[in-house]
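Summary of the model geometry
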There are 2 protein chains.
Amino acid sequence: MTVQIREIRPADYRPVISVVDDWWGGRPMADMLPHLFFEHFTGTSFAAEIDGELAGFLVGFVSQSRAGEAYIHFVGIRPDERGSGLGRQLYERFFAAARERGCGLVRSVTSPANSGSVRFHRQMGFEVEPGDKEVNGIQVAADYDGDGNDRVRFVKRLAATA
Amino acid sequence: MTVQIREIRPADYRPVISVVDDWWGGRPMADMLPHLFFEHFTGTSFAAEIDGELAGFLVGFVSQSRAGEAYIHFVGIRPDERGSGLGRQLYERFFAAARERGCGLVRSVTSPANSGSVRFHRQMGFEVEPGDKEVNGIQVAADYDGDGNDRVRFVKRLAATA
């Protein structure tokens, strides 16, 4: 089995968008992934292939307003590869890309209902930022992404390059 | 009447997100505007206020992958202000911000069904890029933003600063 993590390309858009709702258990996620991320943020967005087939992806960027900050917008892992370490590999590749671009801080947000994502971010060394409400015992920012869309806000300081 | 165009702020997120579907005639657009744009792209995103009230906004960024390119992601104008020149003012403010950041090219996409947007972009000096299909006499990239979401792709070269 060969795992390859590489920069995302515009040609990845269709394969990704055609599976993303399925990978998220039928939730309609495609609207969160317009084509633009596959054109304009390719240096900080990655595809994971196993034996040449798409098995995961990460879309992120360097903040244009906040010096030294990077942001992970969207991650998808093929259901049969959950728990295999692919998410960790994608995140570590992103951390390296962020460091190369002068970032010392990475942020990300997730829904408090997504307990797998909350656990994963904690395992990856993210801390939960204080919010204005608690859901399932976790601090959230209420209505952060619009009415009813509470978000857990994660932040991680990157260690200096070894 | 006082028109003010200013950089967008995180605090603009709720006012914008609460009106955007209405401004778009009831179409569910809010998913296209996650909070992140109001945090990380504030230097190239703008709010227009008339007598202190939100009357329009533009969300855009500088491409991180393509040197010298900027991209306009989303624009909303309050229905009673359509045709008033507010869209033009927002675009010109964006062009100036893009030029300051070394950009010579601006891109944007729109749905071919949005004839007002197609007309507006042409008036603003954008050209339509060749596509792989024609809809309503306009070249489009088929399924550009996912199945059934054809897009007219606009491009405009910015004149050097006067």
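Below is a summary of the structure that appears in this document.

Conventions we followed
- Residues numbered from 1 in each chain as written.
- Chains lettered and ligands numbered in written order.
- Predicted model: local features only at pLDDT ≥ 70, side-chain atom pairs only at ≥ 80, totals over all residues.
- Heavy atoms only, no water.
- Helix = DSSP H or I, 4+ residues; strand = E, 2+ residues; numbered from the N terminus.
- Buried < 20%, exposed > 50% of the residue type's maximum accessible area, 1.4 Å probe, protein only.
- Contact = heavy atoms within 4.5 Å.
- Areas by Shrake-Rupley, 256 points an atom, 1.4 Å probe, with all protein chains shown as cover.
- Lys, Arg positive; Asp, Glu negative; His and termini not counted.
- Charge placed at Lys NZ, Arg CZ, Asp CG, Glu CD.
- Least-squares fit on C-alpha atoms with pLDDT ≥ 70 in both.
- Disulfide = S-S within 2.5 Å.
- Buried area = accessible area lost by both parts, 1.4 Å probe.
- Salt bridge = Lys/Arg side-chain N within 4 Å of Asp/Glu carboxyl O.
- Polar contact = N/O pair within 3.5 Å; in protein donor to acceptor, adjacent residues only side chain to side chain.
- 1 Å grid on protein atoms, 1.4 Å probe; cavity = no way out; pocket = protein on both sides within 12 Å on 5 of 7 lines; lining within 4 Å.
- Points joined across faces, edges and corners; volume = space filled by probe spheres on them.
- Nonpolar A, V, L, I, M, F, W, Y, C, P; charged D, E, K, R; others polar.
- Phe/Tyr/Trp six-rings, centres within 6.5 Å; stacked < 30°, edge-to-face > 60°.

With respect to the overall build of chain A
Looking only at helices and strands, chain A features four helices and nine strands. Along the first, second and third principal axes, the C-alpha set of chain A runs to 45 × 40 × 30 Å. Out of the 162 residues belonging to chain A, those deemed buried represent 52%. The long-range fraction of contacts in chain A, counting pairs at least 24 apart against all pairs at least 6 apart in sequence, stands at 62%. If you sum the accessible surface of chain A, you get close to 7,400 Å²; carbon and sulfur atoms cover 45% of it. Across chain A, the 19 positively charged side chains and the 22 negatively charged ones have centroids separated by 5 Å.

A closer look at the relation of the copies chain B and chain A
With an RMSD of 0.0 Å, the operation that places chain B on chain A is a rotation of 180° combined with a shift of 0.0 Å along the axis. Taken together, these values place the two copies in the relation of a two-fold axis. A shared binding surface is used by both copies, with 100% of the interface residues of chain B retained as interface residues in chain A.

Thoughts on the state of the cysteines
Per the stated rule, a full pass over the model turns up zero disulfides over all chains. You can see C103 of chain A has no disulfide; the closest cysteine sulfur is in C103 of chain B, sitting 18 Å from it. Take C103 of chain B: its relative accessible area is 6%, and that puts it in the buried class.

Considering the interface of chain B and chain A
Where interface size is quoted, it is often the accessible area lost as the parts come together. Contacts between chain B and chain A engage 29 residues on the former and 29 residues on the latter. For the pairing of chain B and chain A, the buried interface totals around 2,600 Å² over both sides, and the portion due to carbon and sulfur atoms is 49%. It is H40, Q64 and Y144 of chain B in chain B that bury the most area against chain A; as a group they hold 25% of the surface buried on that side. In this assembly, chain B and chain A are joined by two salt bridges. Among the salt bridges present, the one from R66 of chain B reaches E39 of chain A, with a minimum N-O distance of 2.3 Å. Inspection of the region where chain B meets chain A yields 22 residue pairs in polar contact (both at pLDDT 80 or more). Mapped by element, the contributors of at least two residues to the side of chain B that touches chain A are α1 (13-23), α2 (36-40), β3 (53-62) and β4 (69-77) of chain B.

Thoughts on the environment of V118 of chain B
Residues and elements named next belong to chain B. Note on placement: V118 falls in helix α4 (residues 115-123). Spatially, the C-alpha atoms of V118 and F57 are 18 Å apart, while their sequence positions differ by 61 residues. With near-sequence residues (within four places) excluded, V118 lies in contact with T110, S111, I138, V152 and F154.

Side note on empty space enclosed by the protein
Counted according to the given criterion, the structure contains one cavity of 30 Å³ or more. Taken as a whole, the largest cavity encloses approximately 40 Å³ of empty space. What lines the largest cavity is simply D31, M32, P34, F37 and H73 of chain A together with D31, M32, P34, F37 and H73 of chain B. Class assignment for the residues of the lining of the largest cavity results in six nonpolar, two polar and two charged.

Some details on the packing of aromatic side chains
All names here are of chain B. By the definition in use, this model includes 27 aromatic pairs over all chains. A centroid spacing of 5.1 Å and a plane angle of 80° characterise the contact between Y13 and F38, whose relative ring orientation is edge-to-face. Taken together, the positions of Y13 in helix α1 and F38 in helix α2 put the pair 25 residues apart, joining distant regions of the chain. Neither Y13 nor F38 differs from the other in exposure class; each is buried. Between Y91 and F126, the ring centres sit 6.0 Å apart and the planes meet at 85°, which makes this aromatic pair edge-to-face. Of this pair, Y91 sits in helix α3 (residues 86-100) while F126 sits in the loop between α4 and β6 (127-128); the two residues are 35 residues apart in sequence, bridging distant segments of the chain.

Nothing here speaks to function; it is geometry throughout.
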